[in-house]
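Structural description and commentary
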Amino acid sequence: NQKDLISVETPEDIFTGKQKKIVVKEALEHLLRREKKVIEMWFGLNGADQQTSEEIGDMFDVSRSRVSQIQLGAICRLRRYAERESNNLKEFQDD
């Protein structure tokens, strides 16, 4: 299983605090539609069953490698979003 070979943070791991699910849902809205769906399927979010790269690739008619590229791009977007939100909170707290 590919997940066993690669240690990947879930979107919820990127954020901290009581409202993780709300924050994750909001963050996912900043992804491209395909990225959002791939992340939801890969991690089993929002009621989706957790799926392998091969299963996701079959649904989107792309290779497992392409699914991995989409996942990495989405995770990078989520990290940037989390950093911006964190900086915004720090600025708010400094006021």
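Residues numbered from 1 in each chain as written. Predicted model: local features only at pLDDT ≥ 70, side-chain atom pairs only at ≥ 80, totals over all residues. Heavy atoms only, no water.

1. Focus: the packing of helix 4 (residues 33–43) against helix 5 (residues 53–60)
It is the contact of helix 4 with helix 5, at a shortest axis distance of 10 Å, that shows an interaxial angle of 145°. In the crossing of helix 4 with helix 5, the sense of the turn from one axis to the other is right-handed. Where helix 4 abuts helix 5, its residues R34, K37, V38, M41 and W42 lie against S53, I56, M59 and F60. Its residues assigned to classes, the contact of helix 4 with helix 5 comprises six nonpolar, one polar and two charged. (Axes fitted to C-alpha atoms, helices over the stretch in contact; angles between N-to-C directions. Helix = DSSP H or I, 4+ residues; strand = E, 2+ residues; numbered from the N terminus. Left-handed = near helix turned anticlockwise from the far one by under 90°. Contact = heavy atoms within 4.5 Å. Nonpolar A, V, L, I, M, F, W, Y, C, P; charged D, E, K, R; others polar.)

2. Some words on the side chain of Q71
As for its position among the elements, Q71 is in helix 6 (residues 64–94). Sequence-distant contacts of Q71, defined by excluding residues within four places in its chain, comprise V38, I39, W42, S53 and I56.

3. Considerations on unusual backbone geometry
Its identity as a non-glycine residue notwithstanding, N46 has a phi of 55°, on the positive side. Position of N46 among the secondary structure elements: in the loop between helix 4 and helix 5. In this structure N46 comes out as exposed when scored by relative accessible area, which is 54%. One non-glycine residue, D61, adopts positive backbone phi at about 55°. By the element assignment, D61 lies in the loop between helix 5 and helix 6. (Buried < 20%, exposed > 50% of the residue type's maximum accessible area, 1.4 Å probe, protein only.)

4. Observations concerning the confidence of the model for the chain
Should the pLDDT be low somewhere, the predicted coordinates at that spot are not to be read in detail. Scored by pLDDT, the chain has a mean of 82; 74% of the residues are at 70 or more. When pLDDT is averaged over each helix and strand of the chain, the minimum, 49, is found for helix 1 (residues 2–5) and the maximum, 96, for helix 5. (pLDDT = per-residue confidence, 0-100.)

5. Focus on the nonpolar core
Counting 17 residues, the largest nonpolar core has L28, L31, I39, F43, L45, I56 and L78 as the members making the most contacts within it. Top contributing element to this core by residue count: helix 6, with six residues. (Core = buried A, V, L, I, M, F, W, Y, C linked by side-chain atoms within 4.5 Å.)

6. Some remarks on the packing of aromatic side chains
Following the criterion strictly, the structure yields one aromatic pair and no others. Summarising the aromatic geometry, the rings of W42 and F43 are spaced 6.5 Å apart at their centres and angled 90° between planes, so their arrangement reads as edge-to-face. With respect to class, W42 is no different from F43; both count as buried. (Phe/Tyr/Trp six-rings, centres within 6.5 Å; stacked < 30°, edge-to-face > 60°.)

7. Brief notes about the environment of R34
Looking at the secondary structure, you find R34 in helix 4. Residue R34 is classed as partly exposed on the basis of its relative accessible area, which comes to 35%. Taking C-alpha positions, R34 is 9.8 Å from Q71, a pair spaced 37 residues apart along the chain. For R34, the contacting residues outside a window of four places in its chain are F60, V62, R66 and I70.

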